[in-house]
Every structure is written in structure tokens, then in C-alpha cells.
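Single-letter residue listing:
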Amino acid sequence: MPVFVMLTTLTDEGAKTLKNNPKRIKEVDKEVMDKFGVKILAQYAVMGPYDFVNIIEAPDNDTVVKMAVELNSRGTIRTLTMPAIDIETLIKDLEEMPK
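Residues numbered from 1 in each chain as written. Predicted model: local features only at pLDDT ≥ 70, side-chain atom pairs only at ≥ 80, totals over all residues. Heavy atoms only, no water.

(A) Representation of the overall build of the protein chain within the structure. In terms of regular secondary structure, the protein chain is built from four helices and four strands. Ordered by position from N to C terminus, the α and β elements of the protein chain give β-α-α-β-β-α-β-α. Principal axes of the C-alpha set define a box for the protein chain whose edges measure 55 × 30 × 20 Å. Put simply, of all contacts in the protein chain between residues at least 6 apart along the chain, 66% involve residues at least 24 apart. For the protein chain, the centre of its 13 positive side-chain charges and the centre of its 16 negative side-chain charges are spaced 7 Å apart. (Helix = DSSP H or I, 4+ residues; strand = E, 2+ residues; numbered from the N terminus. Contact = heavy atoms within 4.5 Å. Lys, Arg positive; Asp, Glu negative; His and termini not counted. Charge placed at Lys NZ, Arg CZ, Asp CG, Glu CD.)

Laid out in C-alpha cells, this is it:
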């Protein structure tokens, strides 16, 4: 299944929600799994321009777009999502390219 990196920034409302209910993170993880079939492979809180880095597995790009629209529409986060390619797959694909 395709893997994606999702960078997340909290809005002011999202920061309030997190402070008042830290377990909301796990509730949202369950929601995206149940509603979209997206699995959270790894999740990290980070410092800098983004608040969280999520490594997710999803059936396809369309599913990720739908999930991102749903999450962003709530007004508590903003996301940047990128497809990720395993390095071994990249090397194999590049080696198979015509020279």
C-alpha cells in the first residue's frame, strides 16, 4: 500500500483542543482509519514550522486528498502531504530505466 508523509500544523483552535484534550490525537487516528482506511505507521510531535510528522499508509492519492480535505475543513490543523517512495524501490526503478 502507498506510503505518504503528512506534515501538520496546528491552528490556534487546534492548539486549544490539544491542550484541553491531548488524547484527541488518538481519536483522530482512529477516525481516519475507520472512515478512510488510512493507517498511521508513525507519528511524531516536532518543533519548527510543523507541529507533527505523520507517516501514513493509504490505498491511493484520492483517499489521501479526501482525508486531508476532511481534516483541514475542521479548522484545527493544516496539512501538507507528500507521497513517499521506499529507497530500495527507487534504486530498483532507476536501475531499470533506459540509459
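(B) Summary view of the pattern of salt bridges. If you walk through the whole model with that rule in mind, you get seven salt bridges. Close ionic contact of E31 with R24 constitutes a salt bridge, the shortest N to O distance being 2.8 Å. Overall, E31 belongs to the partly exposed group, its relative accessible area being 27%. Overall, R24 belongs to the partly exposed group, its relative accessible area being 25%. (Salt bridge = Lys/Arg side-chain N within 4 Å of Asp/Glu carboxyl O. Buried < 20%, exposed > 50% of the residue type's maximum accessible area, 1.4 Å probe, protein only.)

(C) Structural context of the nonpolar core. In this structure, F4, M6, V32, F36, V38, I56, A58, V64, M67, L71 and I77 together form the largest nonpolar core, which totals eleven residues. Counting only elements with at least two residues in this core, the list comes to strand 1 (3-10), helix 2 (24-36) and helix 3 (61-73). The element that contributes the greatest number of residues to this core is helix 3, accounting for three residues. Beyond its immediate chain neighbours, meaning those up to four positions away, M67 contacts M6, V32, F36, V38 and I56. (Core = buried A, V, L, I, M, F, W, Y, C linked by side-chain atoms within 4.5 Å.)

(D) Expanded view of the pairing of strand 1. Direction of pairing for strand 1 relative to strand 3 (residues 52-57): antiparallel, over a ladder of six bridges. Note on strand 3: the bridge partner recorded for T8 is F52. Where strand 1 meets strand 4 (residues 77-84), eight bridges bridge the pair, whose relative direction is antiparallel. Paired with T8 across the two strands is T79, which belongs to strand 4. (Pairing = 2+ DSSP bridges.)

(E) How the structure looks around the sheet that holds strand 3. Strand order across the open sheet formed by four strands is 2-3-1-4, with antiparallel pairing between neighbours. Every other strand in the sheet has two partners, leaving strand 2 (39-45) and strand 4 as the edge strands with one partner each. The sheet shows a mean angle of 20° between the axes of neighbouring strands, direction not considered. Pairing between strand 2 and strand 3: six bridges, direction antiparallel. Its bridge partner being in strand 3, I40 is matched across the sheet by I56. The strands that helix 2 touches are strand 2 and strand 3; relative to strand 2, the one it contacts most, it runs at about 155°. (Axes fitted to C-alpha atoms, helices over the stretch in contact; angles between N-to-C directions.)

Nothing here speaks to function; it is all geometry.
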